[in-house]
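This is what each chain is made of:
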Amino acid sequence: MSVVDEVKQRLDIADVVSDYVALKKSGRNFRALCPFHTEKTPSFFVFPERQSWHCFGSCSTGGDIFSFVMKKEGIDFGQALRLLAERAGVTLVAKEKERTEERQFERLYQANEAAAQYYHHLLLNAKAAEIARSHLEKRGISQEAIDSFQLGFSLDSWDALGQHLLSRGYKEEELVAAGLVREKEGGKGYDLFRNRLMFPIRNEQGRVIGFGARALDDSTPKYINSPQTAIFDKSGTLYGIDLARGAIREQGLAIIVEGYMDVIVAHQYGMANVVASMGTSLTQKQVGLIKRLTPNLALALDADAAGDAATLRGLEIARQAFSARTDVKDRTWMRGPSSLKGNLKVILMPQGKDPDEVIRESVESWRSLVEGASPLMDYLFKAVTSKLDLSKEEDRAAAAEQLLPLISEIDDGVERELYLRKLAALVGVDEKTLAGKAARLRPTEREKQRGAVALTPAQPLRHHLEEYCLCLLLQHPELKEEGMELLPEYFEGTESRELFLAWRSRSDVDMLRHSLDVNLHHHLDSLLNRALPPASAKELETALVDCRRRLEEQRLRRLKALEEVLISEAESQGDQEEVQALLQKALAPSAQLRNLFLTGKPERKGAQQ
Ligand SMILES: [Zn+2]
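For clarity, every value in this text was computed on a predicted model and none was experimentally measured.

Trainee: Please give an account of helix α8 (residues 160–167) that cites residues and values.
Mentor: Taken as a whole, α8 has its buried residues at Ala-160, Leu-161, Gly-162 and Leu-165. Two residues or fewer past α8, Gly-169 is found with a positive phi of approximately 100 degrees.

The structure is reproduced here in structure tokens:
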């Protein structure tokens, strides 16, 4: 539970409001002269059951306990939260700790960025870096690529980087936490990277989070990485993602290769939709990064590694993550584009060649390899059978045992049948028998749902439409103009409304975060990290327009419900005049609702009151 929820749960809105306004009981609700405008007959109401307030007079606004205190005291959300939290006896200490933690993360980013600049400067200028420069020249890396990937060189020294960063005001423990300096028991720390070609690894936002480093002599291992730190998790990162995301979205295809050089050369030759898994077998987090950008993923695989246990494991993770739908849990989450299923292919490299070699030799042959990528299932057939001798009975059984579960999970009936036939021919078993077995292996709808839900982080069910809408706005800055048409009143959740208000004045995520109260960072991050199904620019726009229509509908229904409460109260007290006056007002949201259904468009801002 967030602190906002906790405060709301502990405080009663009527209690808090009555500190400022003389409330009079009116049925189950309270009534008062509006504290926000001058009036003679009270039209300001507090609804304890909904924990909300509303002025039916000329303000025509309402909200929750937070918006009331903010408005009445003229303070911002953070101040209101502190005030109400104190009153509710909710402690914000843990959140203050979070703020400190965030400041520490920022130091780690900065230290890594300073190191990247230092290494880059050395590569370009240091005499000792001659070996690195000639290595890059031999591999045909252009100056432009060196600059855009900010390649660098670490000196053959135990403390060159450490000294440099200490002189820039960093503390030794910060450098250790950033993974740049390694702690020595009882002694001074030493530089982790020495005499190596340096590849800064950046996150999606382009911040340096760690390094890959290649030995330039015969030191082993040839490649080392930054250790896992608070900001660096190798298994959740793809090298080059910051530079590739635009191209991936535009081309509707992401290609995952293995090495740093493969990415750099691909980008240099104009193929910017390429990223690297950095040698590990593909993880779910990595696939998740891609899934947000496109439903189409191709994996470039080494011919020698075909059928390797690690390769197959990576493919299995990619297959599962890619075939899961994102909307199973909540059908209203997104219509249309969510039904797009992942399309996973394998690009098999020629024997003994890396993508960077293929590309440098001939861009055309790389292109035709990409075009000729085989569907994952075809590749798996080859990979599984390449290790078997199908003239032997037990090997045929092994092939069926490995391939049948995979085939049974294909959702498309026609496609499933096609592969069943292929397998039947391969292992010499009757197709019907295999189909029966496959049917028993097929996951039930319930199991499928369970699987899909596990992929997406837990989402609070309430206000899902508001949160979905914010996800769209936060993850797709190009929707800014359309998003400005939304009203703050659409957001009933306190945290979402605050986020929306902040987003309206600055949509850049980093600046947005700085402007937000620290207690809202968690909400911001959860929305930023929520996986949206890939969608084209047009589909996104349609999704937002649809969202706006439904939010307007919700707003009007809320309003109507409040007025109905009032009407039934006035009726029960036999106050006919009052009922008439309220009915007059209640007609407004009804008329607007009718209009919304007829035109499918909310009325313009300002026109609704
Ligand atoms: Zn008012």
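Trainee: Tell me about the coordination of the zinc ion, and name the residues and values.
Mentor: Ligation of the zinc ion by protein atoms is provided by Cys-34 (SG), His-37 (ND1), Cys-55 (SG) and Cys-59 (SG), these donors lying 2.0 to 2.2 Å from the ion. Coordination at the zinc ion is tetrahedral: its four donor atoms span angles of 99 to 117 degrees at the metal. Sequence spacing of the donor residues for the zinc ion, all on one chain, is C-x2-H-x17-C-x3-C. Separated by 21 residues along the polypeptide, Cys-34 in the loop between β2 (29–32) and β3 (44–47) and Cys-55 in strand β4 (residues 52–55) bring together distant segments of the chain. On the basis of relative accessible area, Cys-34 is assigned to the buried category, the value being 6%. The buried category is assigned to Cys-55, whose relative accessible area is 0%.

Trainee: Hey, could you go over the packing of aromatic side chains for me, with residue numbers and the actual values?
Mentor: Evaluated as defined, the whole model comprises 22 aromatic pairs. For the ring pair Trp-53 and Phe-68, a centre distance of 5.9 Å and an interplane angle of 75 degrees mean the geometry is edge-to-face. Separated by 15 residues along the polypeptide, Trp-53 in strand β4 and Phe-68 in helix α3 (residues 65–73) bring together distant segments of the chain. Pairing Phe-491 with Phe-500 gives two aromatic rings, centres 4.6 Å apart and planes at 25 degrees, and the pair type is stacked.

Trainee: Kindly report on the pairing of β4, identifying the contributing residues and their values.
Mentor: Covered by surrounding structure in β4 are Ser-52 and His-54 together with Trp-53 and Cys-55, the residues of both alternating faces. Strand direction decides the pairing type here: β3 and β4, joined by four bridges, are antiparallel. Bridge pairing links Phe-45 to His-54 in β4. With antiparallel pairing between neighbouring strands as the criterion, β3 and β4 make up a hairpin whose turn holds four residues, including Gln-51 at a positive phi of roughly 50 degrees. Pairing geometry for β4 and strand β5 (residues 62–63), over two bridges, is antiparallel. Note that in β5 the partner of Trp-53 across the bridge is Gly-63.

Analysis parameters
Residues numbered from 1 in each chain as written. Predicted model: local features only at pLDDT ≥ 70, side-chain atom pairs only at ≥ 80, totals over all residues. Heavy atoms only, no water. Buried < 20%, exposed > 50% of the residue type's maximum accessible area, 1.4 Å probe, protein only. Helix = DSSP H or I, 4+ residues; strand = E, 2+ residues; numbered from the N terminus. Donors = N, O, S within 2.8 Å, 3.2 Å for Na, K, Ca; no water. Tetrahedral: all angles 85-135°; square planar, octahedral: opposite > 155°, others 65-115°. Phe/Tyr/Trp six-rings, centres within 6.5 Å; stacked < 30°, edge-to-face > 60°. Pairing = 2+ DSSP bridges.

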